[in-house]
Amino acid sequence: MTSSFGLLNTAYTALTAARTGTEVVGQNIANAATDGYVRQRANTVSVAAVSTGMLRSGVQVGGGVAVLGVARLADPLLDGRVQTTSSTNGYWSVQAGAMSTLETSLHEPGATGISATLQGFWSSWQTVASNPGNASQAGALLQKAAQLTSAIGAGYRDVTSQWSQQRDQVASSVTTVNALAGQVAALNSQIRQTVAAGGNANELLDQRAKLTTQLADVSGATVRDLGDGQVDVVLGGNMLVSGSTTRAIQLAGTTELGGASSDPARLVWADTGAAVQLDGGRIAGGLAVLAGTGPLAQAADAYNSLATTIATQVNAIHSTGATTSGATGLDFFSIAAGVPAALGLAVVPTDVSGVAAGAVGAGALDGSIADRIARIGSQATGGPDAQWATFVVATGSAASTANTQSTLAGSALASATSAQSSQESVDMDQETTDLLTWQHAYQGAARVLTTIDDMLDTLINKTGLVGR
Amino acid sequence: MITRVTSTQLLANSAQTMQAAMARLSTLQQQASSGKRLAVPSDDPAGTAASMQVRGQQAAVAQYQRNAADGMGWLSMVDGALTNSTALLQQARNLVVQAANSGAMSQAGRDAIASQLQGIRDDLLQTANTQYNGRSVFAGTSDTAAFDPTTYAWSGTASASVERRVGSDAAIRVDVDGSTAFGTGATSVFASLDTIISNLHSGADVSSGITAIDAGLQSVSGAQVVSGSRYAQMERAKDSLSSQSIDLESQRSDVEDVDTVQSLVALQSQNLAYQAALQVTAKALPMSLLSFLS
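Worth saying up front: this structure is predicted, and the values here are computed from it rather than measured. (Residues numbered from 1 in each chain as written. Chains lettered and ligands numbered in written order. Predicted model: local features only at pLDDT ≥ 70, side-chain atom pairs only at ≥ 80, totals over all residues. Heavy atoms only, no water.)

### Digging into the overall build of chain B
Then, number 1: Looking only at helices and strands, one finds seven helices and four strands in chain B.
Then, number 2: Reading chain B from its N terminus to its C terminus gives the helix and strand order α-α-α-β-β-β-β-α-α-α-α.
Then, number 3: Expected size for 294 residues packed as a compact globule is a radius of gyration near 19 Å; at 39 Å, chain B overshoots this value by more than 25%.
Then, number 4: Sorting the 294 residues of chain B into buried and exposed places 41% on the buried side.
Then, number 5: Pairs at least 24 residues apart make up 74% of the contacts formed inside chain B by residues separated by at least 6 positions.
Then, number 6: Of the roughly 14,700 Å² that chain B leaves accessible, carbon and sulfur atoms contribute 55%. (Helix = DSSP H or I, 4+ residues; strand = E, 2+ residues; numbered from the N terminus. Rg over C-alpha atoms; globule rule 2.2 N^0.38 Å. Buried < 20%, exposed > 50% of the residue type's maximum accessible area, 1.4 Å probe, protein only. Contact = heavy atoms within 4.5 Å. Areas by Shrake-Rupley, 256 points an atom, 1.4 Å probe, with all protein chains shown as cover.)

### Side note on the overall build of chain A
Then, number 1: Each helix and strand counted, chain A has 11 helices and 12 strands in total.
Then, number 2: In terms of C-alpha radius of gyration, chain A reaches 39 Å, well past the compact-globule figure of 23 Å for 468 residues.
Then, number 3: Counting only C-alpha atoms and orienting by the principal axes, one finds that chain A spans roughly 150 × 45 × 30 Å.
Then, number 4: Going through the 468 residues of chain A one by one, you find that 44% of them count as buried.
Then, number 5: In chain A, the proportion of contacts linking residues at least 24 apart, taken out of those at least 6 apart, comes to 68%.
Then, number 6: For chain A, the exposed area adds up to about 21,200 Å²; of that, 55% sits on carbon and sulfur atoms.

### Things to note about the packing of helix α2 (residues 76-105) of chain A against helix α5 (residues 202-219) of chain A
Residue and element names in this part refer to chain A.
Then, number 1: Where α2 meets α5, the axes come as close as 7 Å, and the angle between the chain directions of the two elements is 35 degrees. Remark: the crossing between α2 and α5 carries right-handed chirality. Contacts between α2 and α5 pair Val82, Gln83, Ser86, Ser87 and Gly90 from the former with Ala209, Thr212, Thr213, Ala216 and Asp217 from the latter. (Axes fitted to C-alpha atoms, helices over the stretch in contact; angles between N-to-C directions. Left-handed = near helix turned anticlockwise from the far one by under 90°.)

### A short note on the pairing of strand β3 (residues 163-167) of chain B
All names here are of chain B.
Then, number 1: Among the five residues in β3, four count as buried, and that is most of the element.
Then, number 2: Relative to strand β4 (residues 170-173), β3 runs antiparallel, the two sharing four bridges. Across the sheet, Glu163 pairs through a bridge with Arg173, a residue of β4.
Then, number 3: With antiparallel pairing between neighbouring strands as the criterion, β3 and β4 make up a hairpin whose turn holds two residues. (Pairing = 2+ DSSP bridges.)

### As for the interface of chain B and chain A
Then, number 1: With 44 residues of chain B in contact, the opposing surface of chain A contributes 50 residues.
Then, number 2: Buried area between chain B and chain A, both sides added, is near 3,600 Å², and the carbon and sulfur share of it is 52%.
Then, number 3: At the boundary of chain B with chain A, the tally comes to one salt bridge.
Then, number 4: Counting across the interface, chain B meets chain A through 21 residue pairs in polar contact (both at pLDDT 80 or more).
Then, number 5: When residues of the side of chain B that touches chain A are traced back to their parent elements, those giving at least two are α1 (7-34), α2 (45-101) and β3 of chain B.
Then, number 6: Ranked by residue count, the leading element in the side of chain B that touches chain A is α2(B), at 13 residues.
Then, number 7: For the side of chain B that touches chain A, the residue count by class is 14 nonpolar, 20 polar and 10 charged. (Buried area = accessible area lost by both parts, 1.4 Å probe. Salt bridge = Lys/Arg side-chain N within 4 Å of Asp/Glu carboxyl O. Polar contact = N/O pair within 3.5 Å; in protein donor to acceptor, adjacent residues only side chain to side chain. Nonpolar A, V, L, I, M, F, W, Y, C, P; charged D, E, K, R; others polar.)

### Digging into helix α11 (residues 428-462) of chain A
Residues and elements named next belong to chain A.
Then, number 1: Look at α11: 49 Å from first C-alpha to last across 35 residues, which is about the 51 Å you get at 1.5 Å a residue.
Then, number 2: Three or more residues of α11 are buried, namely Glu431, Thr432, Trp438, Ala445, Ile452 and Leu456.
Then, number 3: Backbone geometry just downstream of α11 places Gly464 in the positive-phi region, at approximately 75 degrees. (Expected span 1.5 Å × (residues − 1).)

### Observations concerning the sheet that holds strand β5 (residues 238-242) of chain A
Residue and element names in this part refer to chain A.
Then, number 1: Spatially, β3-β4-β5-β6 is the arrangement adopted by the four strands of the open sheet, whose pairing is antiparallel. The open sheet has two free edges, formed respectively by β3 (222-225) and β6 (245-246), since each of these has just one partner strand.
Then, number 2: Strand direction decides the pairing type here: β5 and β6, joined by two bridges, are antiparallel. Paired with Val241 across the strands is Thr246, a residue of β6.
Then, number 3: α5 contacts β3, β4 (231-235) and β5 of the sheet and is inclined by roughly 5 degrees relative to β4.

### A short note on the environment of A:Ser415
Residues and elements named next belong to chain A.
Then, number 1: Here Ser415 is to be found in helix α10 (residues 384-424).
Then, number 2: Classification of Ser415 by relative accessible area gives partly exposed; the value is 38%.
Then, number 3: Counting along the chain gives 79 residues from Ser415 to Ala336, while the straight-line C-alpha distance between them is 54 Å.

### Re the nonpolar core
Then, number 1: Ranked by size, the top nonpolar core spans 84 residues in total, and within it A:Phe121, A:Trp125, A:Ile152, A:Leu240, A:Val314 and A:Phe332 carry the most contacts.
Then, number 2: Looking at this core, the element that brings in the most residues is helix α4 (residues 135-196) of chain A, giving 18 residues.
Then, number 3: Residues contacting A:Leu240, with those up to four places away along its chain left out, are A:Val177, A:Ala181, A:Leu215, A:Val233, A:Val234, A:Leu235, A:Thr245, A:Thr246, A:Arg247, A:Ile249 and A:Trp269.
Then, number 4: Listed in part, the 55 residues of the second largest apolar core include B:Trp74, B:Val166, B:Val189 and B:Val206. (Core = buried A, V, L, I, M, F, W, Y, C linked by side-chain atoms within 4.5 Å.)

### Section: the packing of helix α7 (residues 295-318) of chain A against α10(A)
All names here are of chain A.
Then, number 1: Relative orientation of the contacting elements α7 and α10 amounts to 170 degrees, with a least axis distance of 9 Å. On the basis of the axis angle, α7 is roughly antiparallel to α10. Counted together, Gln298, Ala299, Ala302, Tyr303, Ser305, Leu306, Thr309, Ile310 and Gln313 of α7 and Pro384, Gln387, Trp388 and Phe391 of α10 form the full contact between these two elements.
Then, number 2: Classifying every residue of the contact of α7 with α10 gives eight nonpolar, five polar and no charged. (Parallel < 35°, antiparallel > 145°, perpendicular 65-115°, else oblique.)

### With respect to α1(B)
An α-helix turns once every 3.6 residues. As a result, residues three or four positions apart point the same way.
All names here are of chain B.
Then, number 1: For α1, with 28 residues, the first-to-last C-alpha span of 40 Å sits near the 40 Å given by 1.5 Å per residue.
Then, number 2: Along α1, the positions that sit buried rather than exposed are Gln9, Ser14, Met18, Ala21, Leu25 and Leu28.
Then, number 3: Where α1 terminates, the next one or two residues include Gly35, which has phi positive at roughly 75 degrees.

### Side note on the pattern of salt bridges
Residue and element names in this part refer to chain A.
Then, number 1: Following the criterion strictly, the structure yields 17 salt bridges over all chains and no others.
Then, number 2: The salt bridge partner of Arg247 is Asp271, with a shortest N-O separation of 2.9 Å. Highlighted residues: Arg247 in the loop between β6 and β7 (249-252) and Asp271 in the loop between β8 (266-269) and α6 (281-290), separated in sequence by 24 residues.
Then, number 3: Judged by relative accessible area, which is 53%, Asp271 ranks as exposed.

Below, the structure written as structure tokens:
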């Protein structure tokens, strides 16, 4: 101790530290519910005793407490885990969502799906086989055939519109990524300046961490710490954000499902046009759905090949038959050129006169050709029904896999988030305890101050008065 | 290792747990209220395949049942017409026997028998042209009457037949070839009756007509035996189709529908789990050191 007044300074440092500590607790409590807030702590250190001069001896007591700064208690490892799992979760949640929409649009199994419509169509042929030449039964058949073509067309259109919606979604995600990258770059330079000036950038760091987690969810981007307060954001091995500069990405490729295999929708760097390799995130999930071999392109192919199979198999038999008036070589279905088969499928006959139900030369009211067409439906393999069932089951399996993966990725994210919040979030009990600690420290320091004051009072006013 | 547990984490976890419990509850509720185990193919891809196959078979069997009902209509019409024809031919035979025996019968008597036979011939022709749903049952695949009223030519095609499908590889013929039952043109039973009638008018002997009518009777009853056995075949097919339809419905229900009892038990226990989650959250969350400090 250098002097009696030195003790006053010790008490003063204690009061300051206690006040800072209380302020930090206040900040923590204020942000207990703030998303992305990482708890902070006042870092204090005891001040060593001042020992100067060779003559000084005796007991030396330290000089109080010093506040080093306000630490942000983040754990980069846990943050990294949340980013990785967010990226996987983003990827699978988009896939699972798309598969669920697709399989719901099939309306299978049930009474309204294409398989039920097909069965109705075959039954109508059977009825025509029993009543060849009957105008009303032929009318019912033509109506069922029209239902079938419109069901196939509607299914195909559902798939194309889902494709377009998915592309719009990816495009808006790309815009989000560019905007987020810009914000991260701006924060990078702010943080660098603040840190360089010795300021507290904790709240800016919170904001940036929140943005990089969003970036990981959307694009699967990873973060690399530069050490000077700035971070780089890496997308597929290339810098999306480097310090305070960014590089924009954009969505290239077809805007129509039809071009998905020749000119697939893909992500490129805006400046060079080189492809961006993605490892995860919503954009990668969306692009996988949009791909030329993706589930939507496969569904569109399934509708087209269903339309072609129905037309080919029905026409192959129908064209060998004769109408009641003896006309032969007639087609039942036509497929318009220049459009996808699913949309181009149309019914040729307009009434009973175009329906060739009977075999040639077997009498006007023969129904054997209609019977043969009706039996296409009961083929175990190779028929349109079997082909459609195979597609529905494959879609169901893929959707089930995507669901499982999405659930797994979701629980991995939940556990990573839980671990992160266990480490980084504010606990009210702890803050209350800290508050009490600082309060008591403040009260104690104040008492030290009073005691010194009392001692000085004794020294100044009460000494040298003996015998007065 | 003691992990730090924070109130924020606790809140987030509780919210997530309750959300998951709610989602399971919603799935079970949907299953219990709709009675369906399969809402989308991903619920059970293998079950979906089975369900689509069974539904396809059900639609086919329903159509076969309609075909069988239609076929039985045809066959009973054929049977009735043949019974009627036998009676008419029997009546004609009696008249011809009467005319052949009575050598002393006057020409007026023979003319009277001839005009009766004419009536019988017209009735027989009408019976042979019997229609079902607008189609002559003895005309096969032809779209006109089975027998021409003047030439007695049969209008059908010999090789073609009318069949009703009662299984994916089973079809039963429902018509009877009119030319087999009644003959055609000059060799038809109608032409034989005409010969007898003209012989009666001209006073010639009609005893050879008895043989002709007997031959006609034989072919008609032969046709009736055939159509009768087909009717029995159709009836068996119909019975087997209705039992198939019941089997298929129970198969479909096995694949698609939920076990009601099991579903209700699962729903109840999930409900309980959800309530427990709510209770625990409600009890644990308000706890804080602040509650105990004054």
